[in-house]
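Geometric and topological summary
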Amino acid sequence: MTADLSVDISGMRLRGPVLAASGTFGYGTEVPLLERRALGAMVSKGIFLRAREGTAPPRIVETPGGMLNAIGLQGPGVEALIRDFAPSWAEWDFPVLVNINGESSSEYGELAARLDGVPGVAGFEINISCPNVEQGGLYFGNDPRAAAAVTEAVRRRTKLPVWVKLTPMVSDIGVIARAVEGAGADALCAINTFVGMSIDLNAYKPRLSFRTGGLSGPAIRPLAVHLAHQAARAVRIPVIGIGGITRAEDALEFLVAGCAAVQVGTATFVNPKAIADVHDGIAAFLEAKGFSALTDLPRYLPRD
Amino acid sequence: MFVLGLEAPEIASSVRAGQFVNLGWAGGPLLRRPFSVYRADGDHIEVVLKAVGAGTAQLLGMELGDRVSCLGPLGRGFELAGRSAVLVSGGLGVAPMPLVVRDARTSGMEVTWVHGARTAAELCAEAEGDTLIWATDDGSQGFHGTAVAAAPDGDVVVACGPNRMLAAVAERWPHAQVAVETYMGCGTGVCLGCAVPLRRGGYDRACKEGPVYHAADIDWSALPSHLAYAVGA
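Residues numbered from 1 in each chain as written. Chains lettered and ligands numbered in written order. Predicted model: local features only at pLDDT ≥ 70, side-chain atom pairs only at ≥ 80, totals over all residues.

**Some remarks on the overall build of chain A**
Our working rule: Note on conventions: DSSP H or I runs of at least 4 residues are helices, E runs of at least 2 residues are strands, and numbering of each starts at the N terminus. Counting other C-beta atoms within 10 Å of each residue's C-beta, where C-beta atoms are placed from the backbone, gives the exposure class: buried for 20 or more, exposed for 12 or fewer, partly exposed between. Placing C-beta atoms from the backbone, we regard two residues as in contact once those atoms come within 7 Å.
Scanning chain A for helices and strands turns up nine helices and 18 strands. Here the C-alpha coordinates of chain A stretch approximately 55 × 50 × 45 Å along the principal axes. The burial tally for chain A puts 56% of its 304 residues in the buried class. Of the contacts formed within chain A by residues at least 6 apart in sequence, a portion of 70% connects residues at least 24 apart.

**Let's talk about the domain arrangement of chain B**
Residue and element names in this part refer to chain B. Put simply, the test is: All the domain ranges listed were derived from an automatic or database domain assignment. Three categories are distinguished: nonpolar for Ala, Val, Leu, Ile, Met, Phe, Trp, Tyr, Cys and Pro, charged for Asp, Glu, Lys and Arg, and polar for the others, with Gly belonging to the last.
Here chain B is described as being made up of domain 1 (2–74) and domain 2 (84–222). Measuring from the centre of the C-alpha atoms in domain 1 to the corresponding centre in domain 2 gives 20 Å. Classifying every residue of the side of domain 1 that touches domain 2 by side-chain character gives eleven nonpolar, three polar and four charged.

**A look at the interface of chain A and chain B**
Listed per partner, the contact involves 30 residues of chain A and 26 residues of chain B. For the side of chain A that touches chain B, the secondary structure elements donating two or more residues are strand 5 (60–63), strand 6 (66–69) and helix 8 (266–270) of chain A. A total of four residues in the side of chain A that touches chain B trace back to one element, the largest contributor, which is strand 5 of chain A. A per-class count over the side of chain A that touches chain B returns 13 nonpolar, eleven polar and six charged.

**Overview of the packing of helix 4 (residues 144–155) of chain A against helix 5 (residues 173–182) of chain A**
Residue and element names in this part refer to chain A. For the record, the criterion: Axis lines are fitted to C-alpha atoms, over the contacting stretch for helices. Their N-to-C directions set the angle, which ranges from 0 to 180 degrees. Every angle not falling under 35 degrees, over 145, or within 65 to 115 is termed oblique; those three ranges are roughly parallel, roughly antiparallel and roughly perpendicular. We call a crossing left-handed when the near helix sits turned anticlockwise from the far one by less than a right angle, and right-handed when that turn is clockwise.
Contact geometry for helix 4 and helix 5: axes closest at 8 Å, N-to-C directions at 30°. Taken together, the axes of helix 4 and helix 5 are roughly parallel relative to one another. In this structure, helix 4 crosses over helix 5, and the sense of that crossing is right-handed. Mapping the contact onto sequence places Pro 144, Ala 147, Ala 148 and Thr 151 in helix 4 and Val 175, Ile 176, Ala 179, Val 180 and Gly 182 in helix 5. Split by residue class, the contact of helix 4 with helix 5 holds seven nonpolar, two polar and no charged.

**Looking at helix 4 of chain A**
Residues and elements named next belong to chain A. Basically, it comes down to this: Take the number of residues in a helix, subtract one, and multiply by 1.5 Å to get its expected span.
Taking 1.5 Å of rise per residue, the twelve residues of helix 4 would be expected to cover 16 Å, and the 16 Å separating its terminal C-alpha atoms lies within 8% of that figure. Counting buried positions along helix 4 gives nine out of twelve residues, so the element sits mostly inside the fold. Along helix 4, the residues that are buried comprise Ala 146, Ala 147, Ala 148, Ala 149, Val 150, Thr 151, Ala 153, Val 154 and Arg 155. Each element contacted by the buried residues of helix 4 is listed here: helix 3 (105–115), strand 8 (123–127), strand 9 (131–132), strand 11 (162–166) and helix 5.

**Quick look at helix 9 (residues 274–288) of chain A**
Spanning 15 residues, helix 9 of chain A covers 21 Å between terminal C-alpha atoms, matching the ideal 21 Å at 1.5 Å per step. Summarising the contacts, the buried residues of helix 9 of chain A are in contact with strand 3 (18–20), helix 7 (248–256), strand 18 (261–264) and helix 8 of chain A.

**Let's talk about the nonpolar core**
For the record, the criterion: Connectivity within a nonpolar core runs through C-beta atoms within 7 Å, and the core itself is a set of buried Ala, Val, Leu, Ile, Met, Phe, Trp, Tyr and Cys residues.
Counting residues in hydrophobic clusters, the biggest one holds 186 residues, and the most contacted among them are Leu 188, Ala 228, Ala 231, Ile 240 and Val 262 of chain A together with Val 169 of chain B. Counting residues domain by domain, this core receives three or more from each of domain 1 (2–74) and domain 2 (84–222) of chain B. Sequence-distant contacts of Val 169 of chain B, defined by excluding residues within four places in its chain, comprise Val 88, Val 148, Ala 159, Ala 176, Val 178 and Ala 215 of chain B.

**Describing the confidence of the model for chain B**
The condition is simple: What pLDDT reports is the predictor's confidence in each residue, on a scale of 0 through 100.
Averaged over all residues, the pLDDT of chain B is 92; the fraction at 70 or higher stands at 97%. Overall fold confidence for the complex sits at a pTM of 0.94, while the interface term, ipTM, reaches 0.92.

**Re the environment of Ala 125 of chain B**
Relative to the assigned elements, Ala 125 of chain B resides in the loop between strand 8 (110–117) and strand 9 (131–136). Sequence spacing of Ala 125 of chain B and Asp 43 of chain B is 82 residues, and the spatial spacing of their C-alpha atoms is 24 Å.

**A look at the pairing of strand 2 (residues 20–24) of chain B**
Residue and element names in this part refer to chain B. The line we're drawing: For two strands to be treated as a pair, DSSP must find at least two bridges joining them.
Of all the five residues making up strand 2, four are buried; the element is thus mostly covered by neighbouring parts of the structure. For strand 2 and strand 6 (residues 69–74), the ladder comprises four bridges, and the chain directions are antiparallel. The residue of strand 6 that forms the bridge with Gly 24 is Ser 69.

**Structural notes on the sheet that holds strand 3 (residues 33–36) of chain B**
All names here are of chain B. What the three strands build is an open sheet, ordered 3-2-6; its pairing is antiparallel. Looking along the sheet, the strands with just one partner apiece sit at the ends: strand 3 and strand 6. Strand after strand, the sheet turns through a mean of 25° between neighbouring axes, direction not considered.

**Brief notes about the sheet that holds strand 13 (residues 194–196) of chain A**
In sheet architecture, strand pairing relies on hydrogen bonds along the backbone and comes in two forms, parallel and antiparallel. All names here are of chain A. In space, the four strands of this open sheet follow the order 5-6-16-13, with antiparallel pairing throughout. Looking along the sheet, the strands with just one partner apiece sit at the ends: strand 5 and strand 13. The average angle at which neighbouring strand axes cross in this sheet is 35°, direction not considered. In the sheet, strand 13 pairs with strand 16 (residues 213–216) via three bridges, with the strands oriented antiparallel. Across the sheet, residue Gly 196 finds its bridge partner in strand 16, namely Gly 213.

**Some remarks on the pairing of strand 17 (residues 239–242) of chain A**
All names here are of chain A. Rule in force here: Look down the strands so they point away from you; if going from the first strand over the helix to the second traces a clockwise path, that crossover is right-handed.
Here strand 17 shows a buried face lined by Val 239 and Gly 241 and a second buried face lined by Ile 240 and Ile 242. Strand direction decides the pairing type here: strand 12 (residues 187–190) and strand 17, joined by three bridges, are parallel. Its bridge partner being in strand 17, Leu 188 is matched across the sheet by Val 239. What joins strand 17 to strand 18 is helix 7, and the crossover it makes is right-handed.

**Overview of the packing of helix 5 of chain A against helix 6 (residues 221–234) of chain A**
All names here are of chain A. At a minimum axis distance of 8 Å, the contact between helix 5 and helix 6 shows a crossing angle of 45°. When the axis of helix 5 is compared with that of helix 6, the two are oblique. Relative to helix 6, the crossing made by helix 5 is right-handed. The segment helix 5 lies against helix 6, with Ile 173, Gly 174, Ala 177 and Arg 178 engaging Leu 227, Gln 230, Ala 231, Arg 233 and Ala 234. Looking at side-chain class alone, the contact of helix 5 with helix 6 contains five nonpolar, two polar and two charged residues.

**A word on the environment of Trp 113 of chain B**
For Trp 113 of chain B, the location among the structural elements is in strand 8. Separated by 27 residues in sequence, Trp 113 of chain B and Val 86 of chain B have C-alpha atoms that sit 5.9 Å apart.

What follows is the structure in structure tokens.
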């Protein structure tokens, strides 16, 4: 007996609950076909309207159980994405969502409008961890009104599923979660990286040229499980758990804590087959526990 | 300097000079660590390392039969064609050179290898080629000065060593092929962590478009000259 791992999220039926996190799978074309067999969906590397060079090196540094990155959303811009990558996505047997970024609500909206209807684009994941240039550089994701405004700007321009990726750098993730749910989000992704810093004691300055970076990897997992759980308690839409998943047991923690699916990121850097390993491990767990489907997995989700 | 041998038949039979492997091991650091392939023979490859941190200490403490996850061969290697090749290496920059000698000889090239270190004690004893030149910063063996200053010209100049040394190579031989060292995340082109700043602007990936570059293509002023991994080696 093989357990049924399929899940329904925002009107999409996914063959499994393990998704590739933005920025850790490129545009999907770098990773061999074999390693994509278990993918429930892929979220593309983050894209802006225009091409971006990214930040100066050093861009990454390893810390205990994790890594800091400041890539700076290097990317070719939306037109190159449509030309060079979307045509391949249209051929694949799993949906690809585009992680969209902007400096103002209207830029997010424009991106969604440009990508809506492009074959291969199945939906959007809004990265609200960007500075809002029109509001003095405050992060959209830290302010429920700005987070809702961005979500609404995208919602108005597309009928495709809209997911919002939440930042952990807030005092109450439930407030932001409810704000973007109210603005029309179909699902939430929790969480993005934590902002961190590491100091080079020979140079007396930060190791990353950007000074700070996003912390990912196993080091953040218990924090992420808690925040994803808090988000899931706060809303009725599905929450996709992210943060330090390297093994099936890690993913199952998020699922039991109330998440509908998970994204795997940093683990793919270490093990190119991480997503398939996590997927297979979840199936083995369900079978060992006598469940025939992921939907039978007990959840711990008292509602707020 | 230590040499570590690994049984990796698929990599041994296909690796080209300048390509690398990304190693991970149980109980090791989170991210894999990149190593140039030093030698390849039959079913085995070798890498060289210094005992600089906890990670390399773990590798050096392994027993025969222990398992290491080995991803490769990765990156783009050297292009070797012409009558003569001059190899310039400093410190651990010896790493890709034995395969360069192998591939250059296969192409019928005459090989001169110039290797530099701070002192005679830090020189690698395993150099090979038609002509060998040693250089030491303190003059304790061979040429008193840098490997770059000691080297003759050749049709193809190949260099590997600290990024500061490679910047000097770029000054003297803009057409030289250099293998650069960067921080690396995935090694497979997806994380964009190993950014190499280019003279024409922007960045590309040491793990995919590199690690071998034409020296003149790199913006040396923007490439970090000192790597300090925060965890392990």
